[in-house]
Amino acid sequence: LRRVEGQLRGIQGMIDAEVHCQNEAVFRTGGTLRCNLTCHKLTVEKGADLTFLGSVHAGDIHINASVTGSLHATGKIVIGPHGAVHGDVTARAV
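Since this is a predicted model, take the numbers as computed values, not measurements. (Residues numbered from 1 in each chain as written. Predicted model: local features only at pLDDT ≥ 70, side-chain atom pairs only at ≥ 80, totals over all residues. Heavy atoms only, no water.)

Visitor: Lay out the nonpolar core with the relevant residues and their values.
Guide: In this structure, F27, L37, L42, F52 and I61 are the most contacted members of the largest nonpolar core, which totals 22 residues. At the level of secondary structure, the elements contributing two or more residues to this core comprise strand 4 (24–27), strand 6 (37–44), strand 7 (50–63) and strand 8 (66–73). A per-element tally of this core places strand 7 first, with six residues. Apart from the residues within four sequence positions on either side, I61 is in contact with L42, V56, L71, H72, A73, K76, I77 and V78. (Core = buried A, V, L, I, M, F, W, Y, C linked by side-chain atoms within 4.5 Å. Buried < 20%, exposed > 50% of the residue type's maximum accessible area, 1.4 Å probe, protein only. Helix = DSSP H or I, 4+ residues; strand = E, 2+ residues; numbered from the N terminus. Contact = heavy atoms within 4.5 Å.)

Right under this line is the structure:
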């Protein structure tokens with residue numbers, strides 16, 4: 001697996017790597033991530049349906065689309081009016 005660092009602004013298709021973002025990971029398009037994702041903040045925008053085959057660890061998570069996977073937040077998880085989560089969720093507040 002490759003290690004990807006920096007700012008994520010969306011994917012098309014599949015990411016097969018360990019992903020570490022120092023700031024915010026923003027997904028505007030859907031896809032499948034076969035990785036573990038670590039970031040300060042995760043934002044999934046409307047229409048960006050995602051499947052995480054690994055786990056997600058973030059400070060805060062904002063979901064405005066369908067997300068499948070294991071989500072862990074040290075802060076809060078906000079599920080917007082167009083958002084849905086299918087999987088395990090651990091957070092200080094939902």
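From this point on, the discussion continues.
Visitor: Give me the packing of aromatic side chains: which residues, what numbers.
Guide: Evaluation of the coordinates by the stated rule reveals one aromatic pair. Between F27 and F52, the ring centres sit 6.2 Å apart and the planes meet at 85°, which makes this aromatic pair edge-to-face. With F27 in strand 4 and F52 in strand 7, this pair connects stretches of sequence that are 25 residues apart. In this pair, the class of F27 matches that of F52, namely buried. (Phe/Tyr/Trp six-rings, centres within 6.5 Å; stacked < 30°, edge-to-face > 60°.)

Visitor: Give a detailed account of the side chain of S55, specifying residues and quantitative values.
Guide: Examined against the element boundaries, S55 turns out to sit in strand 7. Of the polar contacts made by the side chain of S55, one reaches the side chain of H57; its length is 3.2 Å. Aside from chain neighbours lying at most four places away, what touches S55 is C35, N36, L37, S70 and H72. (Polar contact = N/O pair within 3.5 Å; in protein donor to acceptor, adjacent residues only side chain to side chain.)

Visitor: Mind laying out the side chain of S70, listing which residues take part and the relevant values?
Guide: The residue S70 is located in strand 8 in this model. A polar atom in the side chain of S70 sits 2.9 Å from the side chain of H72. Here S70 is in contact with G54, S55, V56 and D88, once residues within four sequence places are set aside.

Visitor: How would you summarise the environment of Q22 if you had to cite specific residues and measurements?
Guide: You can see Q22 is positioned in the loop between strand 3 (17–20) and strand 4. Overall, Q22 belongs to the exposed group, its relative accessible area being 72%. Between the alpha carbons of Q22 and H40 there is a distance of 6.0 Å; along the sequence they are 18 residues apart.

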